[in-house]
Amino acid sequence: MPLEVLERAASDMTNWHDADGKPSGMGVMEMSHRGKAFGSIVQHAEAGLRSLLAVPEAFHILFMQGGGLGQNAIVPMNLCGPDSGKPAVDFVLTGSWSQKSWLEAAKYSQSHIAASTQESGFHHIPEPASWQLSPGARYVHICSNETIHGVEFHTLPDLRALGSDAPLVVDFSSHVASRPVDWSRVGLAFAGAQKNLGPAGLTLVVVRDDLLGAALDICPSAFNFKNIADNASLFNTPPTYGIYIAGLVFDWLERQGGIAAIEARNRGKAALLYQAIDASDLYSNPVEPACRSRMNIPFFLREPALESAFLQGAEQAGLLQLKGHKSVGGLRASIYNAMPLEGVQALVAFMRSFERTRA
Ligand SMILES: *Cc1c(COP(=O)(O)O)cnc(C)c1O
């Protein structure tokens, strides 16, 4: 989280101030979600995201609950109706997250693997021209940044160029707002807020209008995108505090120079860390350079036995949460938007000094 955002939230904690500095007499958590003050907060957050990511008018921005994993069920429940019978849905498996989405969607669709890199260890993005797309698929799902394996789509696939009319569904949970989005290639994108936008509990969905209204009967009303869109994210009580914080994060991103400036900064941070890994004999990253994530950078020590010493030394140097995900092991640096360049520089300096002491 950007420190400025946390400080602003702290100063508003017991008495939220509007854009003109006028106090409301209550904190955001104390507001009715139907009141005027919160209405302005949700509108501000939506307008902030629309402007930051240049979301076209043809898309609705929904703030809801359920998390990224919830969307693995909510998306097929919304796109695979209205008739019963399981339509085909295509999945491109590039790591743990797309795999989870594929498994969950099988409850609601005939979920089909159009391509998978599992056999080679999830170290690259399969060439779109090689994908086996199903005729008439309701949608094609990708995870545009695989948080655990550190694999990123640096450009979104153009399904029309592959001869498909299916909308592209993108799980962009772990790199949302880190770079621009080519909305002409997207039907729906979703993200849990907790990686790059704000507190856990808020889920962002950006969905093209023409995809609304195709929900299965079993879809809960509170997770029906059309209900949420028709009620401007106030069908039921949304995660109000998360929406407020996300709005402050969007303001902060604009102050940094907007999405192009953030992307440039993220490229610089990632390049610094990958260069340090590639130049060393001790550390390695297995992902093909053209598909390496700029947000989540897994790396491995030549001798795994050194991991605990590395983590201990890092913690002493104030470098926290570097343990890799338990499913792949090793180490991982998640360098989200709010991580300053200085943070990555400090990590690289520590890595070099650790390597020297082990040489
Ligand atoms: C973290 C993450 C999720 C998270 O899901 P939650 O249900 O919000 O915990 C989903 N997809 C990706 C790519 C993630 O990185």
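Worth saying up front: this structure is predicted, and the values here are computed from it rather than measured.

Relative to the assigned elements, Ile61 resides in strand 1 (residues 59-64). Look at Ile61 and you get buried, because its relative accessible area is 4%. Ignoring anything within four residues of it in the chain, the contact list for Ile61 reads Glu46, Leu49, Arg50, Val55, Leu204, Val205, Val206 and Ser233.

Taken together, the residues surrounding the ligand are Gly67, Gly68, Leu69, Trp97, Cys143, Asn145, Thr147, Asp171, Ser173, Ser174, Gln194 and Lys195. Within the contact set of the ligand, an oxygen atom lies 2.9 Å away from a backbone nitrogen or oxygen of Gly68. With respect to the ligand, the backbone of Leu69 contributes an N or O atom lying 2.8 Å from an oxygen atom. Against a free-state accessible area of 390 Å², the protein chains account for coverage of 86% of the ligand. Among the elements that take part in the shell around the ligand, helix 3 (residues 67-79) stands out by supplying three residues, more than any other. Considered class by class, the residues forming the shell around the ligand number three nonpolar, seven polar and two charged.

It is worth spelling out the layout of surface pockets at this point. For the largest pocket, the calculated volume is near 750 Å³. What lines the largest pocket is a set of 31 residues, among which Gln321, Ser334, Ile335, Tyr336 and Met339 lie closest to the centre. Looking at the lining of the largest pocket, the elements that each hand over two or more residues are helix 6 (240-255), strand 12 (331-334) and helix 9 (341-358). Looking at side-chain class alone, the lining of the largest pocket contains 18 nonpolar, ten polar and three charged residues. Residues from two domains meet in the lining of the largest pocket; each of domain 1 (3-255) and domain 2 (258-358) gives at least three. Roughly 440 Å³ of volume is contained in the second largest pocket. In terms of lining residues, the second largest pocket is bounded by 21 residues, among which Trp16, His17, Asp18, Ala19 and Ser40 are the most central. Sort the elements by how many residues they give to the lining of the second largest pocket and helix 2 (residues 36-52) lands first, with six residues.

Calculation criteria
- Within every chain, residues take consecutive numbers counted from 1 along the sequence as written.
- Reporting of local features is limited, given that this is a predicted model, to residues whose pLDDT is at least 70; pairs of side-chain atoms are given and counted only at 80 or more, and all residues count toward the totals for whole chains, interfaces and linings.
- Only hydrogens and water are set aside when side-chain values are computed; all heavy atoms of the structure are taken into account.
- Only runs of H or I of at least four residues qualify as helices and only runs of E of at least two qualify as strands under DSSP, and these elements are numbered from the N terminus.
- For every residue, the accessible area (1.4 Å probe, protein chains only) is compared with the maximum for its type, and the residue is labelled buried under 20%, exposed over 50%, or partly exposed between those bounds.
- We call two residues in contact whenever any of their non-hydrogen atoms come within 4.5 Å of each other.
- To be near a molecule or strand, a residue needs just one of its heavy atoms within 4 Å of it.
- For the purposes of these results, a polar contact is taken to be a pair of N or O atoms within 3.5 Å, where, inside protein, one atom must be able to donate a hydrogen and its partner to accept one; residues adjacent in sequence count only when each atom of the pair is a side-chain atom.
- All accessibility values rest on the Shrake-Rupley procedure with a 1.4 Å probe; residue burial counts only the protein chains present in the view.
- In this classification, the charged set is Asp, Glu, Lys and Arg, the nonpolar set is Ala, Val, Leu, Ile, Met, Phe, Trp, Tyr, Cys and Pro, and all remaining amino acids, among them Gly, are polar.
- Buried and open spaces are told apart on a 1 Å grid over the protein atoms alone, a cavity being a set of points where a 1.4 Å probe fits but cannot get out and a pocket being an open set with protein on both sides within 12 Å along at least five of seven lines. Residues with an atom within 4 Å of a point are the lining residues.
- Grid points are joined across faces, edges and corners, and a volume is the space filled by probe spheres set on the points.
- Delimitation of the domains relies on an automatic or database domain assignment.

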